[in-house]
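Results of the structural survey
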Amino acid sequence: MSVFYKPADGFVGDVIPFYWEGVYHAFYLKAPLPPLRDGANHTPYAHLASRDLVHWEELPLAIEPGPPGAPDSVSCFTGALIERDGIFYLFYTGFRGEGKPQSVCLATSADLIHWEKDPRNPIIEADSRWYETVDWRDPYPFWNEEAGEYWMLLAAREQDGPANRRGCIALMTSPDLETWEVKPPFWSPRLYYTHECPDLFRWGGYWVLVYSTFSERNVTHYRLSKSLAGPWLAPENDTFDGRAFYAAKTAGASNSERRYVFGWNPTREDECDEGRWQWAGHLIVHELRELTADGIRVAPPDGLSKLFAQNCELHFKSEIGDWRADSSVYAAEAVDSFAACTLGALPASALIEARITAQAGTRGCGLLLRCAADLERYYQIRWEPGRGRVVVDRWPRPGDEPFMLERAIPGARHEQLRLQVFVDGSVLVVYINDALALNCRMYDHAVGQLGLFVSEGGAAFDHITLRTLPP
């Protein structure tokens, strides 16, 4: 059983989530397997459904690229759904090839399963008074109660300004979802090349604007405002995850505070740790828990940890340094050195939970994953209290690579850290203090042990559990 969803015949690209009558629908751009895999080209809308965000039912393809000459002849790119009077409107991006103008297309359905493309497609094209035509994609419609009309946001670029800073979020308005008027930009901060996959929702007294970028770094950002007119301000933690979680969009019941963000963990070329990151991979869902002064806290969906119902016995062995093992507490002091212990074999699919208490001045401590018996090979989840961050690292490490990925911990420096670590084949998802998430990949080391380590300092590890999937 695979914990994080990927179709047998492809990969999960941009997810278009939609909640309806107790069911989460995850439409997604489906990338084919090699040798046909070619970025985001030739992607249909595949369709999943789930009540618990863990077990997914595969439904028929929703829409597919059109024939030669159609506005979506190469791909159906990202969009969003909205319901009106019993009809579901799917607005999506029509793509006809690199360098050609993109456009907004429409498909409708009465049951979310069977879709019919609008014969008027494309229904919205870029207005050259304000926008370039090539980047005109990822429509997001919503009902604006204050204005008494429908609004639609798009990833777009303005006509002038520095080439790497023309990115904006375009605006369209409509009385009925059928006819649309293009307006000047909704938000144009001159920060990025473009703002991909915009998403907007009301939460905790704020409007939350979500978008993804690839120019300053590959990541999904969000901004907060009390008003749709802005200003759109960044909290200290303005991302849901790191580099390996992209094009994320949200969904949730309108009458509930529970909301979830859907993204994908990218694969790496040639399935190796040094391969370049690729477009699409496995589906990852985080729950948005609460809005704090530091930003929006995220955690795993409730059902995810319940999958790991089989406890694994821990077998403590000191490998380097002096360790104390007493009543399920493992501790080491290595004020000017490195200490490590192992706890037994790590299953291919596993959930590791641990609490770490670090002494003042400790430079690093954390978990070893798939660790070799001689410690010459492992992945490392390293907490660096002094730098206020958690990093995913590996050994051996090629060249001058400092680490694989990092995640800053906002707020004051912490003396204690709680980790939930999900391992599923090559997929690694780390949750930190029920507040932060960090996705990564682990290809080169497929087997090994679970371990603990301390580097130049002291730390105690407790509440450690290792669980795997039942047979």
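Let me begin by describing the structure that accompanies this report. (Residues numbered from 1 in each chain as written. Predicted model: local features only at pLDDT ≥ 70, side-chain atom pairs only at ≥ 80, totals over all residues. Heavy atoms only, no water.)

Observations regarding the side chain of Asp118
For clarity, the cut-off: Working definition: helices are DSSP H or I runs of at least four residues, strands are E runs of at least two. Numbering for both runs from the N terminus. The buried label applies to any residue whose accessible area, calculated with a 1.4 Å probe on protein chains only, is under 20% of its type's maximum; exposed applies above 50%, and partly exposed to all values in between. Between N or O atoms, a polar contact is any pair within 3.5 Å; within protein, one atom must be a potential hydrogen donor and the other a potential acceptor, and residues adjacent in sequence are included only when both atoms are from side chains. For this analysis, residues touch if any pair of their heavy atoms sits within 4.5 Å.
Along the chain, Asp118 turns up in the loop between strand S8 (116-117) and strand S9 (131-144). With a relative accessible area of 14%, Asp118 lands in the buried category. In this structure the side chain of Asp118 is engaged in a polar contact, spanning 2.8 Å, whose partner is the backbone nitrogen of Arg120. Residue contacts for Asp118: discarding those within four places in its chain leaves Leu106, Ala107 and Glu178.

So, the packing of aromatic side chains
Heads up, the rule is: What counts as a ring pair is set by centres within 6.5 Å for rings of Phe, Tyr and Trp (its six-membered ring), and what kind of pair is set by the plane angle: stacked under 30 degrees, edge-to-face over 60, tilted for all other angles. When the NZ atom of lysine or the CZ atom of arginine is within 6 Å of a ring's centre and also within 35 degrees of its normal, the charge is said to sit over that ring.
With the rule as written, the count across this model stands at 32 aromatic pairs. A centroid spacing of 6.3 Å and a plane angle of 70° characterise the contact between Tyr5 and Tyr28, whose relative ring orientation is edge-to-face. Residue Tyr5 is located in the segment before strand S1 (10-20), and its partner Tyr28 is located in strand S2 (residues 23-32); the two are separated by 23 residues in the primary sequence. Ring plane angle 65° and centroid distance 6.2 Å describe the contact between Trp130 and Tyr131, whose orientation is recorded as edge-to-face. Among the residues examined, Tyr131 registers a relative accessible area of 0% and is labelled buried. Cluster of aromatic residues (ring-pair linked, three or more members): Tyr140, Phe142, Trp151, Phe186, Trp207 and Trp232. Lys226 extends its terminal NZ or CZ atom over the ring of Tyr206, reaching a point 4.2 Å from the ring centre. The ring centre of Trp277 lies 4.0 Å from the NZ or CZ of Arg268, which sits over that ring.

What to know about the sheet that holds strand S14 (residues 206-213)
The condition that has to hold: Two strands are said to pair when DSSP picks up at least two bridges between them. The angle between two axes is taken between their N-to-C directions and runs from 0 to 180 degrees, where each axis is a line fitted to C-alpha atoms and a helix contributes only its stretch in contact.
Taken together, the 3 strands give an open sheet; going across it, the order is S13-S14-S15, and neighbouring strands pair in antiparallel fashion. Edge positions in the open sheet fall to strand S13 (196-203) and strand S15 (219-225), since each of these has one partner strand only. The average undirected angle you get between the axes of adjacent strands in this sheet is 20°.

Observations regarding the environment of Glu319
Along the chain, Glu319 turns up in strand S21 (residues 317-320). Taking the C-alpha atoms as reference points, Glu319 and Leu106, separated by 213 residues in sequence, lie 61 Å from one another. The residues touching Glu319, leaving out its near neighbours within four places in the chain, are Ala340, Cys341, Thr342, Ala373 and Leu375. There is a polar contact of 2.8 Å between the side chain of Glu319 and the side chain of Thr342.

Digging into the pairing of strand S6 (residues 87-95)
Looking along a regular strand, one sees side chains alternate from face to face of the sheet. Most of S6 sits inside the fold, with 8 of its 9 residues counted as buried. Across 9 bridges, the pairing between strand S5 (residues 75-84) and S6 is antiparallel. In the strand pairing of S6, Ala80 is matched with Phe91. What sits between S5 and S6 in their antiparallel hairpin is a turn of 2 residues, with Asp85 showing a positive phi close to 55°. In this sheet, strand S7 (residues 103-109) lies alongside S6 in antiparallel orientation, the contact comprising 7 bridges. The residue bridging Thr93 from the neighbouring strand is Val104, located in S7.

Brief notes about the nonpolar core
Test applied: Throughout this description, the term nonpolar core refers to a set of buried Ala, Val, Leu, Ile, Met, Phe, Trp, Tyr and Cys residues connected via side-chain atoms within 4.5 Å.
Formed by 45 residues in total, the largest nonpolar core has its most connected members in Leu369, Val421 and Leu428. With residues up to four places along the chain from it excluded, the contact list for Val421 reads Ala350, Leu351, Ile352, Leu367, Leu369, Ile381, Leu428, Val429 and Val430.

A few points about the sheet that holds strand S11 (residues 167-174)
Here 4 strands make up an open sheet; going across it, the order is S9-S10-S11-S12 and the pairing antiparallel. Looking along the sheet, the strands with just one partner apiece sit at the ends: S9 and strand S12 (181-187). Adjacent strand axes in the sheet meet at a mean angle of 30° when their direction is disregarded.

Points about the environment of Ala459
For Ala459, the position within the fold is in strand S32 (residues 449-468). Ala459 sits in the buried class, given a relative accessible area of 5%. Residues Ala459 and Gln102, spaced 357 residues apart in sequence, show a C-alpha to C-alpha distance of 54 Å. Here Ala459 is in contact with Tyr330, Ala331, Ala332, Ile356, Thr357, Ala358, Cys365 and Val454, once residues within four sequence places are set aside.

Notes on empty space enclosed by the protein
Keep this limit in mind: Here the term cavity refers to a set of points on a 1 Å grid, laid over the protein atoms alone, in which a 1.4 Å probe fits but cannot get out; the term pocket refers to an open set having protein on both sides within 12 Å along at least five of seven lines, with lining residues being those that place an atom within 4 Å of a point. Grid points are joined across faces, edges and corners, and a volume is the space filled by probe spheres set on the points. Gly falls in the polar group here, along with every residue not listed as nonpolar (Ala, Val, Leu, Ile, Met, Phe, Trp, Tyr, Cys, Pro) or charged (Asp, Glu, Lys, Arg).
All told, the structure shown has 1 cavity of 30 Å³ or more when counted by the stated rule. Its boundaries defined by the atoms lining it, the largest cavity holds a volume of some 100 Å³. Lining the largest cavity are Val3, Phe4, Tyr5, Leu53, Val54, Trp56, Leu283, Ile284, Val285, Pro301, Leu304 and Tyr431. At 3 residues, the largest contribution of residues to the lining of the largest cavity is made by strand S18 (residues 277-292). Looking at the lining of the largest cavity residue by residue, the class counts come to 12 nonpolar, no polar and no charged.

Bear in mind that shape data such as this cannot, by itself, settle questions of function.
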